[in-house]
Amino acid sequence: MPGADVTETGPRTAPSRVRADIAHNARVWNHWLGGGDNYPVDRAVGDRVTGMYPSIGEVARADRAFLGRVVRHLAGDAGIGQFLDIGTGLPTADNTHEVAQHTAPDARVVYVDNDPIVLAHARSLLTSSPEGATEYVDADARDPERILRAAGRTLDLRRPVAVMMLGILNFVLDTDEARSIVTRLMDALPPGSHLVLTHPTLEMGGEGNEAAMRFWNENATPPITARSRSDFASFLDGLEILEPGIVSCSRWRSGPTPRTPEVAQFGAVGRKP
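Definitions and limits used
- Residues numbered from 1 in each chain as written.
- Predicted model: local features only at pLDDT ≥ 70, side-chain atom pairs only at ≥ 80, totals over all residues.
- Heavy atoms only, no water.
- Helix = DSSP H or I, 4+ residues; strand = E, 2+ residues; numbered from the N terminus.
- Rg over C-alpha atoms; globule rule 2.2 N^0.38 Å.
- Buried < 20%, exposed > 50% of the residue type's maximum accessible area, 1.4 Å probe, protein only.
- Contact = heavy atoms within 4.5 Å.
- Areas by Shrake-Rupley, 256 points an atom, 1.4 Å probe, with all protein chains shown as cover.
- Lys, Arg positive; Asp, Glu negative; His and termini not counted.
- Charge placed at Lys NZ, Arg CZ, Asp CG, Glu CD.
- Phe/Tyr/Trp six-rings, centres within 6.5 Å; stacked < 30°, edge-to-face > 60°.
- Polar contact = N/O pair within 3.5 Å; in protein donor to acceptor, adjacent residues only side chain to side chain.
- pLDDT = per-residue confidence, 0-100.
- Pairing = 2+ DSSP bridges.
- Right-handed = clockwise from strand over helix to strand, strands pointing away.
- Axes fitted to C-alpha atoms, helices over the stretch in contact; angles between N-to-C directions.
- Left-handed = near helix turned anticlockwise from the far one by under 90°.
- Nonpolar A, V, L, I, M, F, W, Y, C, P; charged D, E, K, R; others polar.

A.B. asks: Just to check I follow, could you spell out the overall build of the protein chain for this structure?
C.D. replies: When you go through the protein chain residue by residue, the secondary structure sums to 9 helices and 10 strands. Taken against the 2.2 N^0.38 rule, which gives 19 Å for 273 residues, the C-alpha radius of gyration of the protein chain at 18 Å falls within 12% of a compact globule. For the protein chain, the spread of C-alpha atoms along the principal axes amounts to about 50 × 40 × 35 Å. The buried share of the protein chain, reckoned over its 273 residues, is 54%. Sequence separation of at least 24 residues holds for 74% of the intrachain contacts in the protein chain that already meet a minimum separation of 6. A total of about 11600 Å² of accessible surface is found on the protein chain, and carbon and sulfur atoms cover 49% of it. Charge centroids of the protein chain, computed over 28 positive and 35 negative side chains, lie 2 Å from each other.

Below is the structure:
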């Protein structure tokens, strides 16, 4: 893939750590969601993936809609006032803090990402309600202890926290390592805390995604893996899984409308007893 001149349409800032010559997940995801914070290489790879797996845009939109439904439920019905969003991605409409603080103005949200483009935009675009708080942590999902230490400056970790990990564990290729990350996070939090997960799968109509994932891993960063229902379920071991259980994220409490089409992305919410 050719490199991109940063003067072309793309992120408004280009921190020194940014590679504009290779597609990056946060920027390609932004492209699939219709955003403009991406480079030509991101659009080229994203469009190639779409050609191989046409429903990828539906997956991206379903994942974003799932976030909104879950956060509204947790901030409202479940009374959760603290959110730890790991793997933030580029800001778009209806970000976690916007949804949470619309329901509970005093909600406190910490975003975590280690992509410099994401952090540059997060600092300038994500603002808090006067009653609540929003903070950002530059950290890798593979370092839960660092994340918790930094988050503890904004969140009261003695009170329940909703840990949001949407489309992030698929970048941790070793399943045991991914499970360890989740365990270390949830072990540090009190009962009543929640874990919110989405993850791509080759089940539920995702078989056509296998070639697209292979192309991605050869042409973009970071590499990605799909997982089975049983592997996904293992991330929720020891938690009470909220209804309707492990489903396509498009069908998690999607309302009384006609049956929503499935996308090949698991979604689930677990509560620590």
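A.B. asks: Looking at this structure, how should I read the packing of aromatic side chains?
C.D. replies: Each aromatic ring pair is summarised here by two numbers: the centre-to-centre distance and the angle between the ring planes. Under the defined criterion, the tally for this structure stands at 4 aromatic pairs. Taking the centre distance of 6.0 Å and the plane angle of 70° together, the rings of tryptophan 29 and tryptophan 32 count as edge-to-face. Taken as a pair, tryptophan 29 and tryptophan 32 lie in helix H1 (residues 25-32) at a separation of 3 residues, close to a single helical turn. You can call tryptophan 29 partly exposed: its relative accessible area is 21%.

A.B. asks: Help me out: how do you make sense of the environment of arginine 227 in this one?
C.D. replies: Residue placement: arginine 227 occurs in the loop between strand S7 (220-221) and helix H9 (229-234). Here arginine 227 falls in the buried class, since its relative accessible area comes to 4%. Sequence separation between arginine 227 and leucine 202 is 25 residues, and the spatial gap between their C-alpha atoms is 7.1 Å. In this structure the side chain of arginine 227 is engaged in a polar contact, spanning 2.6 Å, whose partner is the backbone oxygen of valine 172. A distance of 2.9 Å separates a polar atom in the side chain of arginine 227 from a polar atom in the side chain of threonine 175.

A.B. asks: What is the right way to read the confidence of the model for the protein chain from this model?
C.D. replies: Low pLDDT marks stretches whose predicted atomic positions should not be read closely. With 92% of its residues at a pLDDT of at least 70, the protein chain reaches an overall mean of 89. Overall, residues 1-16 carries pLDDT values under 50, and its contacts beyond four positions in sequence, including any with other chains, amount to 43 contacts.

A.B. asks: What should I look at first to understand the pairing of strand S5 (residues 162-166) in this one?
C.D. replies: Both faces of the sheet carry side chains from a regular strand, because those side chains alternate between them. Taking burial as the measure, the 5 residues of S5 include 5 buried ones, the bulk of the element. Burial of the side chains of S5 extends over both faces: Ala162, Met164 and Leu166 are buried on one face and Val163 and Met165 on the other. Pairing geometry for strand S2 (residues 82-86) and S5, over 3 bridges, is parallel. Pairing of phenylalanine 83 across the sheet is with alanine 162, part of S5. One ladder, built from 5 bridges, connects S5 with strand S6 (residues 194-200); its direction is parallel. If you follow valine 163 over to S6, its bridge partner there is leucine 195. At this point the chain moves from S5, through helix H7 (residues 175-187), to the parallel S6, and the crossover so formed is right-handed.

A.B. asks: Would you mind going over the packing of helix H3 (residues 56-75) against helix H4 (residues 96-103) with me for this structure?
C.D. replies: Helix-helix packing: each pair is described by the crossing angle between the helix axes and the interaxial distance. Where H3 contacts H4, the axes come no closer than 9 Å and their chain directions differ by 35°. As H3 packs across H4, the resulting crossing turns out to be right-handed. Contacts from Leu67, Gly68, Val71, Arg72 and Ala75 of H3 reach H4 at Thr96, Val99, Ala100 and Thr103. Of the residues contributing to the contact of H3 with H4, the split by class is 5 nonpolar, 3 polar and 1 charged.

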